[in-house]
Amino acid sequence: MDPRQLLTHALDAIDAWEASYGPAKPHPSAAVPEARLQEAMDAYLARLTAPPRGDAPGTYPFFHPRYAGQMLKPPHPVAVAAYAAAMRTNPNNHALDGGPPTGQMEKEVVRDLAALFDFPDGSDGDAALGHLTSGGTVANLEALYVARELQPGKAVASSAGAHYTHARMARVLGIAHQTVATDTAGRMDLDALEATLQRGEVGTVVLTAATTGLGVLDPIHEAIPLCRAHGVRVHIDAAYGGFFRLLAGTEHAPEGFPHEAFLAIRDADSVVVDPHKHGLQPYGCGAILFRDPSVGRFYDHDSPYTYFSSDDLHLGEISLECSRAGAAAGALWLTLRCLPLRPDDGFGPILAACLRAARTFADRIETSDPFTLYGRPETDIVAYLPTHRRMSEIDAASAALFDVATHDPDDPVFVSLYQMTTAQLQGVVPKLVADAPRARVLRSVLMKPEHEYAAPWLVERLEAFAARGVVAS
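Here goes a summary of the coordinates provided. (Residues numbered from 1 in each chain as written. Predicted model: local features only at pLDDT ≥ 70, side-chain atom pairs only at ≥ 80, totals over all residues. Heavy atoms only, no water.)

**Here's the deal with the nonpolar core**
Step number 1: Counting 65 residues, the largest nonpolar core has Leu193, Val205, Leu207, Ile220 and Ile236 as its most contacted members.
Step number 2: If near-sequence neighbours (up to four positions away) are discounted, valine 205 is found in contact with Ala157, Met188, Leu193, Leu197, Cys227, Val232, Arg233, Val234 and His235.
Step number 3: Counting residues in hydrophobic clusters, the runner-up holds 23 residues, among them Ala357, Ala358, Tyr384 and Val415. (Core = buried A, V, L, I, M, F, W, Y, C linked by side-chain atoms within 4.5 Å. Buried < 20%, exposed > 50% of the residue type's maximum accessible area, 1.4 Å probe, protein only. Contact = heavy atoms within 4.5 Å.)

Given below as structure tokens:
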């Protein structure tokens, strides 16, 4: 598939649509002198495509398998073409008259996402309530907002490994937040959860389906019954890992995949997922789903000028955000029609390749002298550390390798750093010398299917950097 042809086809269709309304004389005020345009565009592209060099800002090659740092990858060419086409019409999915086609598309992709998690999709009566958002932060904000309205005065609890957005959004909403300890793998500790629930202060527990640090899942299948026994609601933050739910209960997932935890998402009250991560979308596309559609009453408001074009539900009536890009809905809609949410084709093989890549990477790290594997991956994130016995040495060696690998002028490799405590590292480093309370370790996110081919080579490059003495014991 040629991205240029897709984009040209999409923009040609919009040109024809615009021409169908007859000529319109352009106003000279919006014209840009050719010389100024060329100079500005060249400067823009030069900055956008500059490689990172020392302290100079540059764009990392997120598209390339040599980049295995943060949770960044390019959108699918289909999504790019669809977004560009819709962006030309500039729909606003707040109200149906702001984007009738993309508003309907959003409702359809919300049903697709509801079906992914076994939430009611409307086929047997009521459908889950949901909509797209500008990202997981706002989606989680909405989940906690509904939690506050349902159980005023009650706290929200999330694990020490959960995303920081929950504590932050709790402060925004004026909700008390409690942190639940994790086990050595980074999952919520059930004994700590039980102790927290027994105090009777918590109304909603946030469980994470793939932490952004280690890619592990809280024991959702065990935590939900525990929460129900205490009359507590459950929200699932599946912003990063949600699409892997597609492989749960199938033979397409590799060994070590947490099937039960993913399948148990169906029993939660709400779930957040980010299509702009594993959904192959441009940034600006998150989603929130509520099992009980009656929570829409908490969004009740009126607008004097936007809700008159249709008696159907306007998405702005069930969203804390007002203006939202209809192009995000259009891009996701077309992507899901080209790559359906099925385990054996469409999205399934893409996700399975990422899981295999992480396991191949972990296998190579396990047999590598310069590095120690922190734990077997559950999804597609691998944590590992330089083989040292002192916290200070682990920290320094990790930082040194990160810097050298990132800024190698000829053959760079891009990984990331993750901070861990002495207690976390004691389980994998015998006789660890705790001469510092924390140490940075290395972390690789194998979230592109091409990483399945590149994983062995990535470890070889890291070993080559280590051979220079960067991480020597």
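Right, picking up where we left off after that structure.
**Describing the sheet that holds strand 8 (residues 371-373)**
Step number 1: With respect to topology, four strands assemble into an open sheet ordered 8-9-11-10, the strand pairing being antiparallel. Edge positions in the open sheet fall to strand 8 and strand 10 (416-421), since each of these has one partner strand only. Taken over all neighbouring pairs, the strand axes of this sheet differ in orientation by 40° on average, direction set aside.
Step number 2: Where strand 9 (residues 381-386) and strand 11 (residues 438-445) come together, four bridges link them in antiparallel fashion. Within strand 11, the position partnered with alanine 383 by the bridge is arginine 443.
Step number 3: Here helix 11 (residues 347-366) sits on the sheet and contacts strand 8, strand 9 and strand 11; the angle it forms with strand 9, its principal contact strand, is near 15°. (Pairing = 2+ DSSP bridges. Helix = DSSP H or I, 4+ residues; strand = E, 2+ residues; numbered from the N terminus. Axes fitted to C-alpha atoms, helices over the stretch in contact; angles between N-to-C directions.)

**Quick word on the pattern of salt bridges**
Step number 1: In total, this model carries 22 salt bridges according to the counting rule given.
Step number 2: Between arginine 228 and aspartate 269 there is a salt bridge whose closest N-O contact spans 2.9 Å. Taken together, the positions of arginine 228 in helix 8 (residues 220-229) and aspartate 269 in the loop between helix 9 (259-263) and strand 6 (270-273) put the pair 41 residues apart, joining distant regions of the chain.
Step number 3: Across the pair arginine 468 and aspartate 408 runs a salt bridge whose closest N-O atoms are separated by 3.1 Å. Of this pair, arginine 468 sits in the segment after helix 14 (451-467) while aspartate 408 sits in the loop between helix 12 (391-407) and strand 10, and the two are 60 residues apart along the sequence.
Step number 4: Residue aspartate 408 is classed as buried on the basis of its relative accessible area of 8%.
Step number 5: Because the salt bridges share partners, they merge into one network encompassing Asp15, Glu18 and Arg88. (Salt bridge = Lys/Arg side-chain N within 4 Å of Asp/Glu carboxyl O.)

**Digging into the sheet that holds strand 4 (residues 202-208)**
Step number 1: Read from one edge to the other, the open sheet built from seven strands follows the order 1-7-6-5-4-2-3, with strand pairing classed as mixed. Each having just a single partner strand, strand 1 (129-133) and strand 3 (177-180) make up the two edges of the open sheet. Neighbour-to-neighbour, the strand axes of the sheet open up by a mean angle of 20°, direction not taken into account.
Step number 2: As paired strands, strand 1 and strand 7 (residues 286-290) are joined by five bridges and run antiparallel to one another. Each bridged residue has a counterpart across the sheet, and for glycine 130 the counterpart in strand 7 is leucine 289.
Step number 3: Relative to the sheet, helix 4 (residues 100-116) contacts strand 1, strand 6 and strand 7, its axis offset from that of strand 1 by approximately 110°.

**Some thoughts on the environment of glycine 284**
Step number 1: Inspection of the secondary structure puts glycine 284 in the loop between strand 6 and strand 7.
Step number 2: Exposure remark for glycine 284: the relative accessible area of 28% places this residue in the partly exposed category.
Step number 3: Sequence-wise, glycine 284 and alanine 325 are 41 residues apart; in three dimensions their C-alpha atoms are separated by 8.0 Å.
Step number 4: Not counting the four nearest positions on each side in its chain, glycine 284 is found in contact with Thr133, Ser134, His276 and Ala328.

**Brief notes about unusual backbone geometry**
Step number 1: Positive phi outside glycine occurs at asparagine 90, with the angle close to 55°.
Step number 2: Mapped onto the elements, asparagine 90 comes out in the loop between helix 3 (77-89) and helix 4.
Step number 3: Given the relative accessible area of 61%, asparagine 90 is considered exposed.
Step number 4: Its identity as a non-glycine residue notwithstanding, alanine 210 has a phi of 90°, on the positive side.
Step number 5: Within the element layout of this structure, alanine 210 appears in the loop between strand 4 and helix 8.

**What to know about the packing of helix 11 against helix 14**
Step number 1: The N-to-C vectors of helix 11 and helix 14 enclose an angle of 25°; their axes lie 8 Å apart at closest approach. Relative to helix 14, the element helix 11 lies roughly parallel. Taken as a pair, helix 11 and helix 14 cross one another with a handedness that is right-handed. Residues Ala353, Arg356, Ala357, Thr360, Phe361, Arg364 and Ile365 of helix 11 pack against His451, Glu452, Ala455, Pro456, Leu458, Val459, Glu460 and Leu462 of helix 14.
Step number 2: Its residues assigned to classes, the contact of helix 11 with helix 14 comprises nine nonpolar, two polar and four charged. (Parallel < 35°, antiparallel > 145°, perpendicular 65-115°, else oblique. Left-handed = near helix turned anticlockwise from the far one by under 90°. Nonpolar A, V, L, I, M, F, W, Y, C, P; charged D, E, K, R; others polar.)

**Some thoughts on the packing of helix 5 (residues 136-150) against helix 6 (residues 165-173)**
Step number 1: For the pair helix 5 and helix 6, the least separation of the axes is 9 Å and the interaxial angle reads 50°. In terms of orientation, helix 5 lies oblique with respect to helix 6. As helix 5 packs across helix 6, the resulting crossing turns out to be right-handed. Between helix 5 and helix 6, the contacting residues are Thr137, Asn140, Leu141, Leu144, Tyr145 and Arg148 on the first element and Thr165, His166, Met169, Ala170 and Leu173 on the second.
Step number 2: Looking at the contact of helix 5 with helix 6 residue by residue, the class counts come to six nonpolar, four polar and one charged.

**With respect to helix 14**
Step number 1: The end-to-end C-alpha distance of helix 14 is 23 Å, a good match for the 24 Å that 17 residues give at a rise of 1.5 Å each.
Step number 2: Buried residues along helix 14 sit in contact with helix 11, strand 8, strand 9, helix 12 and strand 11. (Expected span 1.5 Å × (residues − 1).)

**Quick look at the side chain of lysine 448**
Step number 1: Relative to the elements of secondary structure, lysine 448 occurs in the loop between strand 11 and helix 14.
Step number 2: Although lysine 448 lies buried, it forms no salt bridge, and the closest oppositely charged side chain, glutamate 450, sits 6.7 Å away as judged by the N-O distance. (Lys, Arg positive; Asp, Glu negative; His and termini not counted.)

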